Protein chains: 2
Amino acid sequence: MRILGVDPGLTRCGLGVIDAASARKVSLVHVEAATSPAGEDVAVRIGMLANAIDAVLDQHRPDAVALERVFAQQNVRTVMGTAQISGVVMLAAQRRGLPVALYTPSEVKAAVTGDGRAAKPQVGYMVARVLGLAEPPRPADAADALAIAIAHAWRGGAAPAGSDATTAAQRRWADAERAARKRG
Amino acid sequence: MRILGVDPGLTRCGLGVIDAASARKVSLVHVEAATSPAGEDVAVRIGMLANAIDAVLDQHRPDAVALERVFAQQNVRTVMGTAQISGVVMLAAQRRGLPVALYTPSEVKAAVTGDGRAAKPQVGYMVARVLGLAEPPRPADAADALAIAIAHAWRGGAAPAGSDATTAAQRRWADAERAARKRG
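Every value quoted in this text rests on a predicted model; they were computed, and no experiment measured them.

### Describing the overall build of chain A
Next, step 1: Assigned secondary structure in chain A consists of 6 helices and 5 strands.
Next, step 2: Ordered by position in the sequence, the α and β elements of chain A form the string β-β-β-α-β-α-β-α-α-α-α.
Next, step 3: Excluding contacts between residues fewer than 6 apart, the proportion of contacts in chain A whose partners are at least 24 apart in sequence is 62%.
Next, step 4: Approximately 8300 Å² of chain A is accessible, and the part contributed by carbon and sulfur atoms is 49%.

Structure below.
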């Protein structure tokens, strides 16, 4: 299963594509942080990011889209842009018949690091480790997009914990999740 | 000039099209409140509303889109859906090369009723009066969409106050705006 993870944002939108193979191994297909200039009209910026999202969908043809769920607790201006882009992402997925899964930031952190309150560098470190990359993808939005895709691969049904195909990475995750549950 | 006014929302999205003729007279072309079922997935709901927005754009071919500017002060869940739909509307306009203008609710109320804090029934009453309708369009989202379109026609450049072509409706608006300014 190929998954597009999206960390939505108007200034920077993280787009990360991974393959979750039948062997339960996840691998990097593509990652980028699409940007739009802060000085432009919002409609123009949304158009630019929508084009970047469409390009990734058309080029890499994922089977599912995983998206960060937006909350209104953060900075008001940022949240509005984030929600607008998330609407655009959901529409692009819907029009291609792709399922969309939403994850909170803490669900993603818990899945990837075992700690729902993990710091950004920890998420980047685990993304690199899981995908076998020499170093964390930059900027953080790119790493976050991959983390969302990994969370979907692991939590969204690609790999039930304890299955025969469980890999080392999955065992690490299952252990971490159990530990997080104990702590929580 | 033909204007599409949009009162964005995930449950109900007001869509109102008016013509602002050279005589500065505004007239109703089309109005509806597109809806999506609360029980559906957000992506499906966004897809349904995007189809309704596209249908209005394709059928009535406005020259400009006027949209309510979203704030995060209201109910958190509502605001997220509103922002998501506003992103979809801006994308649809942008992809058709249409300019998008954003107005705050109080700007719209001030333009249409002369009072930035006018109640909903007052907005509906003035929309009906300005467009020569027997009664206010229902639901309120439909009337609000038309109010946004009217605000754009009047404030957005269709009719500079004091121009030779000023109509009775425009004079009422100009008077009301001056009164509002004095009060404010």
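Past the structure itself, the notes keep going.
### Re the UniProt feature "active site" (unreviewed entry) in chain A
Residues and elements named next belong to chain A.
Next, step 1: Taking the numbering used here, the UniProt-annotated feature "active site" (unreviewed entry) corresponds to Asp 7, Glu 68 and Asp 141. The greatest C-alpha distance among the annotated residues, which extend across 135 residues, is 11.1 Å, indicating that they converge on a single site.
Next, step 2: Following the sequence through the fold, Asp 7 ends up in strand β1 (residues 2-7).
Next, step 3: For Asp 7, a relative accessible area of 8% puts it in the buried group.

### Regarding the relation of the copies chain B and chain A
Next, step 1: Superposing chain B onto chain A takes a rotation of 180° plus a shift of 0.0 Å along the axis, which leaves an RMSD of 0.0 Å. Both copies are brought into coincidence by an operation consistent with a two-fold rotation axis. Of every C-alpha in chain B, the one belonging to Gln84(B) sits nearest the axis of rotation, 2.2 Å from it.
Next, step 2: Mapped onto chain A, 100% of the interface residues of chain B again fall at the interface, so both copies present the same surface.

### Structural notes on helix α1 (residues 42-60) of chain A
Next, step 1: Between its terminal C-alpha atoms α1(A) stretches 27 Å, which fits the 27 Å expected from 19 residues at 1.5 Å a residue.
Next, step 2: Buried within α1(A) are the following residues: Ala43(A), Arg45(A), Ile46(A), Gly47(A), Leu49(A), Ala50(A), Ala52(A), Ile53(A), Asp54(A), Val56(A), Leu57(A) and His60(A).

### A few points about the sheet that holds strand β2 (residues 12-20) of chain B
Residue and element names in this part refer to chain B.
Next, step 1: Strand order in the open sheet formed by 5 strands is β3-β2-β1-β4-β5, and the pairing between neighbours is mixed. Only two strands of the sheet have a single partner each, and these edge strands are β3 (26-35) and β5 (100-103). Across the sheet, the mean angle from the axis of one strand to that of its neighbour is 20°, orientation sign disregarded.
Next, step 2: Pairing analysis gives 4 bridges linking strand β4 (residues 64-68) to β5, with the strands arranged parallel. The residue of β5 that forms the bridge with Glu 68 is Tyr 103.
Next, step 3: Lying over the sheet, helix α5 (residues 140-155) contacts β1 (2-7), β2, β3, β4 and β5, oriented at roughly 40° with respect to β2.

### What to know about the UniProt feature "binding site: Mg(2+) 2" (unreviewed entry) in chain A
Residues and elements named next belong to chain A.
Next, step 1: According to UniProt, the feature "binding site: Mg(2+) 2" (unreviewed entry) maps to Glu 68 in the numbering used here.
Next, step 2: Take Glu 68: it is sitting in strand β4 (residues 64-68).
Next, step 3: Sequence-distant contacts of Glu 68, that is, excluding residues within four places in its chain, are made with Val 6, Asp 7, Pro 8, Tyr 103, Pro 105 and Ile 148.

### Details of the pattern of salt bridges
Working definition: two side chains of opposite charge can pair if their charged atoms are close together.
Next, step 1: Going through the model one piece at a time under the given rule, you end up with 12 salt bridges over all chains.
Next, step 2: For Arg96(A), the salt bridge is made with Asp54(A), and the minimal N-O distance between the two is 3.3 Å. Of this pair, Arg96(A) sits in the loop between α2 (76-95) and β5 (100-103) while Asp54(A) sits in helix α1, and the two are 42 residues apart along the sequence.
Next, step 3: Given the relative accessible area of 33%, Arg96(A) is considered partly exposed.
Next, step 4: It is possible to trace a salt-bridge network through shared partners that takes in Asp54(A), Asp58(A), Arg96(A) and Arg95(B).

### Observations regarding the nonpolar core
Next, step 1: Leu15(A) and Leu15(B) are the most contacted members of the largest nonpolar core, which totals 50 residues.
Next, step 2: Setting aside its immediate chain neighbours within four residues, Leu15(B) contacts Leu4(B), Gly5(B), Val6(B), His30(B), Val31(B), Glu32(B), Ala34(B), Ala52(B), Ile53(B), Val56(B) and Ala145(B).

### With respect to the side chain of Thr104(B)
Residue and element names in this part refer to chain B.
Next, step 1: Mapping Thr 104 onto the fold places it in the loop between β5 and α3 (105-113).
Next, step 2: Residue Thr 104 is classed as buried on the basis of its relative accessible area, which comes to 13%.
Next, step 3: Leaving out residues up to four positions away in the same chain, Thr 104 has contacts with Arg 69 and Phe 71.

### Considerations on the sheet that holds strand β2 (residues 12-20) of chain A
Residue and element names in this part refer to chain A.
Next, step 1: The 5 strands lie next to each other as β3-β2-β1-β4-β5, forming an open sheet whose pairing is mixed. Where the open sheet ends on each side, the last strands, each with one partner, are β3 (26-35) and β5. Within this sheet the neighbouring strands show an average axis-to-axis angle of 20°, counted without direction.
Next, step 2: Here β1 pairs with β2 via 6 bridges, running antiparallel. Of the residues in β2, the one forming a bridge with Asp 7 is Gly 14.

### Quick word on the interface of chain B and chain A
You'll often see interface size given as the accessible area lost when the parts meet.
Next, step 1: Each partner contributes residues to the interface: chain B has 24 residues there, and chain A has 24 residues.
Next, step 2: Surface buried jointly by chain B and chain A totals about 1900 Å² across both partners, of which 72% is contributed by carbon and sulfur atoms.
Next, step 3: Put simply, chain B and chain A have 2 salt bridges between them.
Next, step 4: Here Asp54(A) makes a salt bridge to Arg95(B), at a shortest N to O gap of 2.9 Å.
Next, step 5: Counting every contact that joins chain B to chain A gives 6 residue pairs in polar contact (both at pLDDT 80 or more).

Basis of the calculations
Residues numbered from 1 in each chain as written. Chains lettered and ligands numbered in written order. Predicted model: local features only at pLDDT ≥ 70, side-chain atom pairs only at ≥ 80, totals over all residues. Heavy atoms only, no water. Helix = DSSP H or I, 4+ residues; strand = E, 2+ residues; numbered from the N terminus. Contact = heavy atoms within 4.5 Å. Areas by Shrake-Rupley, 256 points an atom, 1.4 Å probe, with all protein chains shown as cover. UniProt positions renumbered as here; feature names shortened; annotations may be inferred. Buried < 20%, exposed > 50% of the residue type's maximum accessible area, 1.4 Å probe, protein only. Least-squares fit on C-alpha atoms with pLDDT ≥ 70 in both. Expected span 1.5 Å × (residues − 1). Pairing = 2+ DSSP bridges. Axes fitted to C-alpha atoms, helices over the stretch in contact; angles between N-to-C directions. Salt bridge = Lys/Arg side-chain N within 4 Å of Asp/Glu carboxyl O. Core = buried A, V, L, I, M, F, W, Y, C linked by side-chain atoms within 4.5 Å. Buried area = accessible area lost by both parts, 1.4 Å probe. Polar contact = N/O pair within 3.5 Å; in protein donor to acceptor, adjacent residues only side chain to side chain.

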